[in-house]
Each structure stands twice: as structure tokens, then as C-alpha cells.
Protein chains: 2
Amino acid sequence: MKKKQFRKALELSRRSKICMLGTNGPEGYPYAKAMLHLKQNGLKEFWFSTNTSSRRVKQIVKDARSCLCFVDQDSIEGLMLLGHTRITQEASIREVLWFEGCEKYYPRGVEDPDYSVIRFKAFRGNYYHGLCNVDFDLK
Amino acid sequence: MKKKQFRKALELSRRSKICMLGTNGPEGYPYAKAMLHLKQNGLKEFWFSTNTSSRRVKQIVKDARSCLCFVDQDSIEGLMLLGHTRITQEASIREVLWFEGCEKYYPRGVEDPDYSVIRFKAFRGNYYHGLCNVDFDLK
């Protein structure tokens, strides 16, 4: 991918408050859910907080294949990343992702057993802006 | 689903300029793409325009199982519908979905062979707003 397009894709992901996580659900149906965009490492890794008891976690444990989508409806710009998700309860990353308001979802605080972290690792992507559309690999 | 929640889910879909269409892609990965929200019939049917030559159309022809997501990031409100998609080039629906600006994507106009319509038919849904989360069937 050209440097300029990579930079624009990265910018799009960075300015997005939410993104959509696609997973493989029961009976072969794709599922998608909006996730609060909290932390990333370039376009390769993303982290999200979630309830351990959620439907999403069950799907990820069963099938790690997933996608992540960012979109700006004003600029008609979009980014889809393909990758794999895994669930972690590692203390350090739970602390990093914690913010005021989280206690609404995890009443027992940062150590709440119902508080888990989804880590998404991308290996391929597609970025489009208007009629420009490029596929790229992430190593 | 309670009437109030159904109404709120319907309102969310109606005010959304875009939504995310999830499909089953190659090698068992879920794919998601933002679609311009053009026409709907309650929560049961939705129509979108797309390029016949697109990756999306190939995926839908191979596997009709799909999902549709609407989200309002300000109100923390979301709707996911599960259903099936099919591709049509019926003249009447192509005309209904046509608007000024479409010629950018379909230069030969409403009869452009690269202009297709995706029809999504839902059978089940999930609506959430804050901590409220309900599943419902659509008959």
C-alpha cells in the first residue's frame, strides 16, 4: 500500500471513537457489534473491553477469525482489517483500558471477573476513500 | 420485544445514514462494510445499491447469511439484525434507489450492468441501549 494511503487509514482508525467488530456467530451467521475504540498499536493490534459473560466472548473463544471496521460517513472513507481475536484478563492491560464510567459495566472494578479484554491482531486490510480502494498485508 | 423498545430500534434504523453489512467472506472470515442506508420496510427488509462486480456481491451469491448493524455512538444505542441477502437487478427497485450522484459509481446510469441492489431480509434482532439488551424475532 502506498505510504499516503496507509497514513490515511491509520488516521481514520485513530480519530474513530467506535469501530465494528465482526465475529463468526452460531449457525454460520456473521455477527457485528460496535466497540469503544480504546487502544491500538498502529494498524496491527487493537484492544477493547467487554463483559466476560457476553455473547461476543463465547464466539471468540470458539472461533478467533474476525474483522474490524472503521468508517467516516462524512468523508466516505472506510477501513476493514481481517485478523484474529483473543480474550485476556491480564491485570496490566485491564488497568490500561480502565476509565471513569467503566464501573457501570464492571461494578466490582478493575478486578471484576466479568471484565475482560479483547485483543485483535490484524494480518490484512482494505482501505477505501471515494473510488480509491486498496488491499494490503500487515506483517 | 416490548413495544417501546421496538419503536426505539426502528427509530435508530430510520435516522441512520449508514449501517454495516456483515457477510461471510473467504476462508471463514466475517467481512463488514458500511452501506448507505437508502430504503427499508420496518425492521424486516432493507435495500442497498452496490457494484455488481464488487467483492460483496460474490460473497452474497455464495452465502446469503448476513447481519446488519445500526449504531448511535452518542446515545450508546445499537441494533443488530440477522438475516439473508440476495442480489437483484429488477428495474423498479433500481429506479427507486437511484439518486443524483449515483453516476459516479454507475457511469452508465440506472441501467448500468454494474449497478445491482442488495435486498436484506431479517428474521431476528438484538437491540441495546445502555444496559438494556433485548433479543427479538421478526416474523
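Scroll up to find the structure.
Attention here is on the structure that accompanies the text.

What counts and how
Residue positions within a chain follow its written sequence, with the count starting from 1. Here chains are named by letter from A upward and ligands by number from 1 upward, in the order in which they appear as written. Only residues with pLDDT of at least 70 get local features here, since the model is predicted, and only at 80 or more are side-chain atom pairs given and counted; chain-wide, interface and lining totals rely on the full set of residues. Side-chain calculation: all heavy atoms of the structure are included, whereas hydrogens and water are not. The copies were overlaid by least squares, fitting only the C-alpha atoms of residues that reach a pLDDT of 70 or more in each copy. A contact between two residues is defined here by any heavy atoms of the two lying within 4.5 Å. When accessible area is computed with a 1.4 Å probe and restricted to protein chains, residues below 20% of their type maximum are described as buried, those above 50% as exposed, and intermediate ones as partly exposed. What counts as a helix is a DSSP run of H or I of at least four residues, what counts as a strand is a run of E of at least two, and both are numbered from the N terminus. The directions from the helix axis to the C-beta atoms form the arc being described. Pairs were defined over the aromatic rings of Phe, Tyr and Trp, the Trp ring being its six-membered one, requiring ring centres within 6.5 Å. Orientation was assigned from the angle between planes: stacked under 30 degrees, edge-to-face over 60, tilted for the rest. Every case where a carboxyl oxygen of Asp or Glu lies within 4 Å of a side-chain nitrogen of Lys or Arg is listed as a salt bridge. Here, a strand pair is defined by DSSP locating no fewer than two bridges between the strands. Here the buried area means the combined drop in accessible surface, using a 1.4 Å probe, for two parts upon being joined, counting both sides. Here a polar contact is taken to be a pair of N or O atoms separated by no more than 3.5 Å, where protein atoms must pair a possible hydrogen donor with a possible acceptor and residues adjacent in sequence count only if both atoms sit in side chains. Throughout, the ten residues Ala, Val, Leu, Ile, Met, Phe, Trp, Tyr, Cys and Pro are labelled nonpolar, Asp, Glu, Lys and Arg are labelled charged, and all others, Gly among them, are labelled polar.

### Regarding the relation of the copies chain A and chain B
Then comes step 1: After a rotation of 180° and a shift along the axis of 0.0 Å, chain A superposes on chain B with an RMSD of 0.0 Å. The superposition of one copy onto the other is thereby described by a two-fold rotation axis. Minimal C-alpha separation from the rotation axis in chain A is found for A:P30, amounting to 2.8 Å.
Then comes step 2: A symmetric contact is evident, with 100% of the interface residues of chain A recurring at the interface of chain B.

### Things to note about helix α2 (residues 55-62) of chain B
Residue and element names in this part refer to chain B.
Then comes step 1: Listing the buried residues of α2 in full gives R56, V57, Q59 and I60. Taken end-on, α2 shows its buried residues confined to a sector of 160°, consistent with a single buried face. The exposed residues of α2 that point more than 90 degrees off its buried face are K58, V61 and K62.
Then comes step 2: The elements touched by buried residues of α2 are β1 (18-24), β2 (30-36), β4 (45-51), β6 (77-88) and β7 (115-129).

### Concerning the environment of B:G125
Residue and element names in this part refer to chain B.
Then comes step 1: Within the secondary structure, G125 is located in strand β7.
Then comes step 2: Relative accessible area serves as the criterion here: at 5%, G125 is assigned to the buried category.
Then comes step 3: Sequence-wise, G125 and L68 are 57 residues apart; in three dimensions their C-alpha atoms are separated by 9.2 Å.

### Considering the packing of aromatic side chains
Residue and element names in this part refer to chain A.
Then comes step 1: Taken as a whole and judged by the stated rule, the model has 14 aromatic pairs over all chains.
Then comes step 2: Where W98 meets Y115, the ring centres are 5.4 Å apart and the plane angle is 65°; that geometry is what we call edge-to-face. Here Y115 lies in strand β7 (residues 115-129) and W98 lies in the loop between α3 (91-97) and β7, a separation of 17 residues in the sequence.
Then comes step 3: Overall, the relative accessible area of 25% leaves W98 in the partly exposed class.

### Section: the pattern of salt bridges
Then comes step 1: As enumerated under the stated definition, the model contains 16 salt bridges over all chains in all.
Then comes step 2: In this structure, A:D137 engages A:R124 in a salt bridge whose closest nitrogen and oxygen atoms are separated by 3.7 Å. Taken together, the residues A:D137 in strand β8 (residues 132-137) and A:R124 in strand β7 connect sequence positions 13 residues apart.
Then comes step 3: Between B:R15 and B:E77 there is a salt bridge, and its shortest N-O distance comes to 2.9 Å. Separated by 62 residues along the polypeptide, B:R15 in helix α1 (residues 3-15) and B:E77 in strand β6 bring together distant segments of the chain.
Then comes step 4: Given a relative accessible area of 43%, B:R15 falls into the partly exposed group.

### Overview of unusual backbone geometry
Then comes step 1: Even without glycine at this site, A:E27 takes up a positive phi of about 55°.
Then comes step 2: Assignment of secondary structure puts A:E27 in the loop between β1 (18-24) and β2 (30-36).

### Digging into the pairing of β1(B)
Residues and elements named next belong to chain B.
Then comes step 1: Most of β1 sits inside the fold, with seven of its seven residues counted as buried.
Then comes step 2: Side chains of β1 alternate between two faces, with I18, M20, G22 and N24 and C19, L21 and T23 buried alike.
Then comes step 3: Two elements, β1 and β2, share seven bridges in a ladder whose sense is antiparallel. Residue pairing in the sheet places M20 in a bridge with A34 of β2.
Then comes step 4: Linking β1 back to β2 in an antiparallel pair, the connection comprises five residues, with E27 at a positive phi of about 55°.

### What to know about the side chain of B:Q59
All names here are of chain B.
Then comes step 1: Here Q59 shows up in helix α2.
Then comes step 2: Judged by its relative accessible area of 7%, Q59 falls in the buried class.
Then comes step 3: If we ignore the near neighbours within four places in the chain, the residues touching Q59 are T23, N24, G25, P26 and Y31.

### Some points on the interface of chain A and chain B
In many analyses, interface size is given as the accessible surface area lost on bringing the parts together.
Then comes step 1: The interface is formed by 34 residues belonging to chain A together with 34 residues belonging to chain B.
Then comes step 2: Buried surface at the junction of chain A and chain B, summed over both partners, amounts to about 3100 Å²; 61% is from carbon and sulfur atoms.
Then comes step 3: When the buried surface of chain A facing chain B is broken down by residue, A:Y29, A:P30 and A:Q73 rank first, second and third, together holding 19% of it.
Then comes step 4: Connecting chain A to chain B are four salt bridges.
Then comes step 5: One salt bridge in this structure joins B:D135 and A:R55, with 3.3 Å as the shortest N-O distance.
Then comes step 6: In this assembly, chain A and chain B are joined by ten residue pairs in polar contact (both at pLDDT 80 or more).
Then comes step 7: When grouped by side-chain class, the residues that make up the side of chain A that touches chain B number 17 nonpolar, nine polar and eight charged.

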